Amino acid sequence: AGSMSLAEAADYVGGSMKGFADNSKDAQFYADLMAKGATLANTSVTELGQALADGSSTAANYGQSAESATVALLRLAEQGDTGSAASTALAAAMKNIYTPTDQAKAAMNGLVEVYDKHTGKARDFNTIINELQAALSGYSDEQRNATLDTIFGIQGLDAYNKMTVTSVETQNMWTEALATASEGMGSAANQYTTMTDNLQGDIDAWGSAVEGFQIAISSGLSPTVREFVQLGTQGVQEITK
């Protein structure tokens, strides 16, 4: 679906799986997440794959799901942050929110809850950003900027400003779309089928089939063929003598 090499795809899918360490999700889930996500915002499968793989361990460390992290990355992608730049910006913003300085913690007090008061678990990052934006809506520009500057560092504030451009309605639409990414064949397989439903796709399939046949011949018949070649070599050597 991303027109990339198998090795590159394996890096992104494998990196995401290891980062989130969620045994309930398989490789297809992450492949579908990347493929579907790339159709929703201004990014590609490759860019989203790199961002998700690079940012997975940080997001998981702060209790975020792969789906939530993908939505956050799509919000950044809409404003031009993709790939490793997006994962770096997201990691910075998450650090500012979930492990704040004393001053930042005081600034957020009364504005937004970062951890669930009953369970102590980290709340959804996208929800926190949206609630913080809503809480600051009544502030003057000076108060708002001073508060955000206290909460975030340079990278974190840049990520916050870009994420808050995307409406909650759009985020909800993305969340619903990602939730169904693996239904049926799955988004990655569906996109691949569409992309290869042409002459070039037929040629590629033919080439793959021929390559598979060559591998089968090489591995399955290699011992017999080698014996035949060695016997022929001995015969030619005898004739030469």
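Above this text sits the structure in question.
A few points on the structure.

The rules behind these values
- Residues numbered from 1 in each chain as written.
- Predicted model: local features only at pLDDT ≥ 70, side-chain atom pairs only at ≥ 80, totals over all residues.
- Heavy atoms only, no water.
- Helix = DSSP H or I, 4+ residues; strand = E, 2+ residues; numbered from the N terminus.
- Rg over C-alpha atoms; globule rule 2.2 N^0.38 Å.
- Buried < 20%, exposed > 50% of the residue type's maximum accessible area, 1.4 Å probe, protein only.
- Areas by Shrake-Rupley, 256 points an atom, 1.4 Å probe, with all protein chains shown as cover.
- Contact = heavy atoms within 4.5 Å.
- Axes fitted to C-alpha atoms, helices over the stretch in contact; angles between N-to-C directions.
- Parallel < 35°, antiparallel > 145°, perpendicular 65-115°, else oblique.
- Left-handed = near helix turned anticlockwise from the far one by under 90°.
- Nonpolar A, V, L, I, M, F, W, Y, C, P; charged D, E, K, R; others polar.
- Phe/Tyr/Trp six-rings, centres within 6.5 Å; stacked < 30°, edge-to-face > 60°.
- Lys NZ or Arg CZ within 6 Å of the ring centre and 35° of its normal.
- Expected span 1.5 Å × (residues − 1).
- Bend = angle between axes of the 7 residues up to and from the residue.

**Notes on the overall build of the protein chain**
Okay, so step 1: Secondary structure summary: the protein chain contains 12 helices and 0 strands in total.
Okay, so step 2: For the protein chain, the C-alpha radius of gyration of 26 Å lies well beyond 18 Å, the compact-globule estimate for 241 residues.
Okay, so step 3: Projected onto its principal axes, the C-alpha coordinates of the protein chain cover approximately 100 × 35 × 30 Å.
Okay, so step 4: Each of the 241 residues in the protein chain was classed as buried or not, and the buried ones make up 35%.
Okay, so step 5: Element-wise, carbon and sulfur atoms account for 53% of the exposed surface of the protein chain, whose accessible area totals about 13,600 Å².

**A word on the environment of Val112**
Okay, so step 1: Inspection of the secondary structure puts Val112 in the loop between α6 (102-108) and α7 (125-135).
Okay, so step 2: Residue classification places Val112 among the buried residues on the basis of a relative accessible area of 11%.
Okay, so step 3: In this structure, Val112 is in contact with Arg123, Ile128, Glu131 and Leu132, ignoring residues within four places of it in sequence.

**A short note on the packing of helix α1 (residues 6-20) against helix α2 (residues 27-40)**
Okay, so step 1: Two elements in contact, α1 and α2, have axes separated by 9 Å at closest approach and are oriented at 115 degrees. Judged on the interaxial angle alone, α2 and α1 are roughly perpendicular. Remark: the crossing between α1 and α2 carries right-handed chirality. Residue-level contacts link Tyr12, Val13, Ser16, Met17 and Phe20 of α1 to Ala27, Tyr30, Ala31 and Met34 of α2.
Okay, so step 2: A breakdown of the residues in the contact of α1 with α2 according to their chemical character gives 8 nonpolar, 1 polar and no charged.

**Thoughts on the packing of helix α5 (residues 83-98) against helix α9 (residues 154-163)**
Okay, so step 1: Packing of α5 against α9 leaves a shortest axis separation of 7 Å and a crossing angle of 105 degrees. Between α5 and α9, the interaxial angle falls into the category roughly perpendicular. Packed against α5, whose contacting residues are Thr88, Ala89, Ala92, Ala93 and Asn96, the element α9 presents Gln155, Gly156 and Ala159 at the interface.
Okay, so step 2: Of the residues belonging to the contact of α5 with α9, the class tally is 4 nonpolar, 4 polar and no charged.

**Some details on the packing of aromatic side chains**
Okay, so step 1: Enumeration over the complete set of coordinates arrives at 6 aromatic pairs.
Okay, so step 2: Consider the rings of Phe29 and Tyr30, whose centres lie 4.9 Å apart with planes at 85 degrees: the pair is edge-to-face.
Okay, so step 3: Judged by its relative accessible area of 1%, Tyr30 is buried.
Okay, so step 4: With centroids separated by 5.2 Å and ring planes inclined at 20 degrees, the aromatic side chains of Tyr62 and Tyr98 adopt a geometry described as stacked. In this pair, Tyr62 sits in the loop between α3 (45-61) and α4 (66-77) while Tyr98 sits in helix α5, placing the two residues 36 residues apart along the sequence. In terms of burial, Tyr62 and Tyr98 fall into one category: buried.
Okay, so step 5: Within the aromatic cluster, the residues linked to one another by ring pairs are Tyr62, Tyr98, Tyr115 and Phe125.
Okay, so step 6: Cation over ring: Lys25 sits above Phe29, and NZ or CZ is 5.2 Å from the ring centre.

**Examining α3**
Okay, so step 1: When the terminal C-alpha atoms of α3 are compared, their 24 Å separation across 17 residues agrees well with the 24 Å that a helix rising 1.5 Å per residue should span.
Okay, so step 2: Roughly 50 degrees is the biggest bend found in α3, and it falls at Gly55.
Okay, so step 3: Taken together, the buried positions of α3 are Val45, Leu48, Gly49, Ala51, Leu52, Ala53, Gly55, Ser56 and Ala59.
Okay, so step 4: Contacts from the buried residues of α3 go to α1, α2, α4 and α5.
Okay, so step 5: At the C-terminal side of α3, Gly63 shows a positive phi close to 75 degrees.

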